[in-house]
Amino acid sequence: IPQQINLILIAFIAMIILVFLARVLVTIIKIHRMKNNLMKNEKKTRNILPLVEKIGLKNKVSIIKDARPFAFCLGIRNPRIYISTKTVSIMTKKQLEAILLHEKYHLEHADSLTLFIGSLPQLLFPFFPILPKLLERYKIEREIKADKQAIKELRTTRPVIGVLKKLLETHSVSPIF
C-alpha cells in the first residue's frame, strides 16, 4: 500500500503540472492570436507619428482600425502599444500624449509580462480566492502609477482627466488581462 500511495501522489502531482502547463500554453496562444488579429487591422498613419517620436516610442505603437476607443500595452517578449483609430479621432493632442505616456509606463516596466507571471499562481491554485484579489489590486496600483507618470511628465492633470471622462462617456474595450 505505501508504494501505491507514492505512485498515486506522483500521478496527482504530474496531472497538476500538466494541467498547469496546458493552461499556460492556452494563455500564450490567446495572447498571440489577439496580437495577430490586432495587426490584421493595423492602419499606417502619420498623423500621430511626430507625437510618438517625441515621446520615444518609435516602432512601439500600432494604430488599429476600430470603431471602439482603446489603448493598451500587450506582449510578453516584444510588447507594443495598441491604440484604436477611434481613440485617435476623439482625443486632443494633449490627451493622446497622456495616453501614450501612460502606456509607455506599462511598456517600460514590462507590466504585460509581470501580469502574465502574476496570473500563473492563479492558474495553478484556482481554489485560493485571495489570488485574483491580489492580482486585481496589483493591476489597479500599476494603472495609478502609469497615470501619475503621465501627469508628472505633462505637469498637469487636465489631459489625464479628459481622457478618463471621454472613455467613461464611450464604451471602451478592456485589454486581454
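Our subject in this report is the structure included herewith. Remember, predicted model here, so these are calculated numbers, not experimental data. (Residues numbered from 1 in each chain as written. Predicted model: local features only at pLDDT ≥ 70, side-chain atom pairs only at ≥ 80, totals over all residues. Heavy atoms only, no water.)

1. Considering the overall build of the chain
Argument step 1. Counting secondary structure elements, the chain contains seven helices and three strands.
Argument step 2. Starting at the N terminus and walking to the C terminus, you meet the elements of the chain as α-α-β-β-β-α-α-α-α-α.
Argument step 3. Relative to the 2.2 N^0.38 estimate, which gives 16 Å for 177 residues, the radius of gyration of the chain is 20 Å and therefore markedly larger than a compact globule would have.
Argument step 4. The buried share of the chain, reckoned over its 177 residues, is 34%.
Argument step 5. Here the contacts in the chain between residues at least 6 apart in sequence split such that 61% fall between residues at least 24 apart. (Helix = DSSP H or I, 4+ residues; strand = E, 2+ residues; numbered from the N terminus. Rg over C-alpha atoms; globule rule 2.2 N^0.38 Å. Buried < 20%, exposed > 50% of the residue type's maximum accessible area, 1.4 Å probe, protein only. Contact = heavy atoms within 4.5 Å.)

2. Observations concerning the environment of glutamate 97
Argument step 1. One can find glutamate 97 in helix α4 (residues 93–108).
Argument step 2. Every residue in contact with glutamate 97, bar those within four places of it in the chain, is listed here: Leu51, Lys54, Ile55 and Leu154.

3. Quick notes on the packing of α4 against helix α7 (residues 158–169)
Argument step 1. Between α4 and α7, the shortest axis-to-axis distance is 8 Å and the interhelical angle comes to 90°. Here α4 lies roughly perpendicular to α7, going by the angle between them. Between α4, through Lys94, Gln95, Ala98 and Ile99, and α7, the contact on the second element is made entirely by Pro159, Val160, Gly162, Val163 and Lys166.
Argument step 2. Taken together, the residues of the contact of α4 with α7 break down into five nonpolar, two polar and two charged. (Axes fitted to C-alpha atoms, helices over the stretch in contact; angles between N-to-C directions. Parallel < 35°, antiparallel > 145°, perpendicular 65-115°, else oblique. Nonpolar A, V, L, I, M, F, W, Y, C, P; charged D, E, K, R; others polar.)

4. Brief notes about the sheet that holds strand β3 (residues 80–84)
Through backbone hydrogen bonds, the strands of a sheet pair up, either in parallel or in antiparallel fashion.
Argument step 1. In spatial order, the strands read β1-β3-β2; together these three strands make up an open sheet with mixed pairing. Whereas interior strands pair on both sides, the edge strands pair on one side only; in this sheet they are β1 (61–64) and β2 (71–74). On average, each strand axis in the sheet is inclined to that of its neighbour by 25°, with strand direction left out of account.
Argument step 2. With four bridges connecting them, β2 and β3 associate as antiparallel partners. Within β3, the position partnered with phenylalanine 72 by the bridge is tyrosine 82.
Argument step 3. Contacts from α4 reach β1, β2 and β3, with the element oriented near 150° to β3. (Pairing = 2+ DSSP bridges.)

5. Remarks on the pairing of β3
Argument step 1. The buried count for β3 comes to five of five residues, which makes it a mostly enclosed element.
Argument step 2. Alternating positions in β3 separate into two faces, Arg80, Tyr82 and Ser84 on one and Ile81 and Ile83 on the other, with burial throughout.
Argument step 3. Across four bridges, the pairing between β1 and β3 is parallel. Residue pairing in the sheet places isoleucine 63 in a bridge with isoleucine 83 of β3.
Argument step 4. The antiparallel pairing of β2 with β3 creates a hairpin that spans five residues between the two strands, and glycine 75 there sits at a positive phi of about 140°.

Shape is all these values report; function is a separate question.
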